[in-house]
Amino acid sequence: MKKRRVCGKINGGLIYNEVRSLSLLTMENARLMLERVYGYKEFRPGQDRIIDSILQKKDTFAIMPTGAGKSLCYQIPALLFAQESSGLTLVISPLISLMKDQVDAMRSLGIRAAYLNSALRPKLVAETIGKAGQGEYDILYIAPERLESDSFLPLIQHLTQE
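Predicted model, so just to flag it, every value in this text is computed and none were measured. Sequence order as written defines residue numbering, which begins from 1 separately in each chain. Totals for whole chains, interfaces and linings use every residue, but because this is a predicted model, local features are given only for residues with pLDDT of at least 70 and side-chain atom pairs only at 80 or more, for both listing and counting. With hydrogens and water stripped out, all remaining heavy atoms of the structure feed into the side-chain values.

**Q** Lay out the packing of helix 1 (residues 27–38) against helix 3 (residues 70–85) in plain terms, naming residues and giving numbers.
**A** For the pair helix 1 and helix 3, the least separation of the axes is 10 Å and the interaxial angle reads 105 degrees. Relative to helix 3, helix 1 is oriented roughly perpendicular. Contacts between helix 1 and helix 3 involve Asn29, Ala30, Met33, Leu34 and Tyr38 from the former and Leu72, Gln75, Ile76, Leu79 and Leu80 from the latter. For this classification, Asp, Glu, Lys and Arg are treated as charged, while Ala, Val, Leu, Ile, Met, Phe, Trp, Tyr, Cys and Pro are nonpolar and the rest, including Gly, are polar. Taken together, the residues of the contact of helix 1 with helix 3 sort by class into 8 nonpolar, 2 polar and no charged. Angles shown run from 0 to 180 degrees and are taken between the N-to-C directions of axes, each axis being a line fitted to C-alpha atoms and, for helices, limited to the stretch in contact. A run of H or I in DSSP counts as a helix once it spans at least four residues, and a run of E counts as a strand once it spans at least two, with each numbered from the N terminus. Oblique is the label for any angle not under 35 degrees, not over 145, and not in the 65 to 115 range, which are roughly parallel, roughly antiparallel and roughly perpendicular in turn. Should any heavy atoms of two residues lie within 4.5 Å, those residues are counted as being in contact.

Here it is as structure tokens:
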């Protein structure tokens, strides 16, 4: 079996746990990530079904109320996908303040995340795009208007190629 390291940051210190599996894309590893990185013992109702569907690479549509833990439903799979294949997860979010809060929270946990929106200066946008192209992020939040940009669409295709 392959050994991989899952990394997270808890209480200011990095933690590592060896995961033994042919694939990291398992609910067992999702639960491990939930506890070791986020500090929760179990998923909230519905989260496990959503995460399992995503880990099986199924198209997944989920509607959850505010405060139900939607973010974990894509963050945990994004981290496992990144460990599995150095992939990037794009999150499309229309709320600039939420985008920033989410990225700040993930960075505080040691998660490699960034965002692109209209509030950023062009130089920072270019730097972020460059770093994303070099594989320095696991999660990249983008504003929906970026999808209307003819110059941005080829970048997304390049960043998300397997």
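That covers the picture; the talk isn't over yet.
**Q** Kindly report on unusual backbone geometry, identifying the contributing residues and their values.
**A** A positive phi angle, near 60 degrees, is found at lysine 57, a position not held by glycine. Following the sequence through the fold, lysine 57 ends up in the loop between helix 2 (47–55) and helix 3.

**Q** Talk me through the side chain of glutamine 47; I want residue IDs and the actual numbers.
**A** With respect to the helices, strands and loops of the structure, glutamine 47 is situated in helix 2. Setting aside anything within four residues of it in sequence, one finds glutamine 47 in contact with Met64, Ala68, Gly69, Leu72 and Cys73.

**Q** An account of helix 5 (residues 122–133) is requested, with residue identities and associated values reported.
**A** Along its 12 residues, helix 5 runs 16 Å from first to last C-alpha, staying within 8% of the 16 Å computed at 1.5 Å per residue. Partly exposed residues are those whose accessible area sits between 20% and 50% of the maximum for their type, while under 20% is buried and over 50% is exposed, using a 1.4 Å probe and protein chains only. Among the residues of helix 5, Val125, Thr128 and Ala132 are the ones counted as buried. Buried residues of helix 5 fall within an arc of 65 degrees about the axis and therefore sit on the same side. Looking at the packing, one finds that the buried side of helix 5 touches strand 4 (113–116), strand 5 (139–142) and helix 6 (152–159). Phi for glycine 135, located one or two positions after helix 5, is positive at around 80 degrees. A helix's residues, less one, multiplied by 1.5 Å, set its expected span. Arc, as used here, means the arc of the directions from the helix axis to the C-beta atoms.

**Q** Please give an account of the environment of aspartate 104 that cites residues and values.
**A** Structurally, aspartate 104 is set in helix 4 (residues 96–108). Taking the C-alpha atoms as reference, aspartate 104 lies 10.0 Å from tyrosine 115; in sequence the two are 11 residues apart.

**Q** Just give me the short version of a nonpolar patch on the surface, but keep the residues and values in it.
**A** Together, Ile92, Leu147 and Leu153 make up a nonpolar patch on the protein surface, roughly 230 Å² of accessible area in all. Within the element layout of this structure, leucine 147 appears in the loop between strand 5 and helix 6. Any residue with relative accessible area above 30% and no salt bridge may belong to a patch, with like charges joined within 9 Å and the nonpolar Val, Leu, Ile, Met, Phe, Trp and Tyr side chains within 5 Å. The Shrake-Rupley method, run with a 1.4 Å probe sphere, supplies the accessible areas, and residue values consider only the shown protein chains as cover. Each reported salt bridge corresponds to a side-chain nitrogen of Lys or Arg within 4 Å of a carboxyl oxygen of Asp or Glu.

**Q** Go over the pattern of salt bridges, please, and point to the residues and values.
**A** Evaluation of the coordinates by the stated rule reveals 3 salt bridges. Aspartate 104 is the partner of lysine 100 in a salt bridge, and the nearest nitrogen-oxygen pair spans 2.6 Å. Taken as a pair, lysine 100 and aspartate 104 lie in helix 4 at a separation of 4 residues, close to a single helical turn. Judged by its relative accessible area of 38%, lysine 100 is partly exposed. Overall, the relative accessible area of 32% leaves aspartate 104 in the partly exposed class.

**Q** Just give me the short version of the packing of helix 2 against helix 3, but keep the residues and values in it.
**A** With their axes 9 Å apart at the nearest point, helix 2 and helix 3 run at an angle of 35 degrees to one another. Crossing of helix 2 against helix 3: the hand is right-handed. Listed contacts from helix 3 to Gln47, Ile50, Ile51, Ile54 and Leu55 of helix 2 are Leu72, Cys73, Ile76, Pro77, Leu80 and Phe81. Each residue belonging to the contact of helix 2 with helix 3 can be placed in one class, and the counts come to 10 nonpolar, 1 polar and no charged. Here is the rule for handedness: rotate from the far helix to the near one, and if that takes an anticlockwise turn smaller than a right angle the crossing is left-handed, while a clockwise turn gives right-handed.

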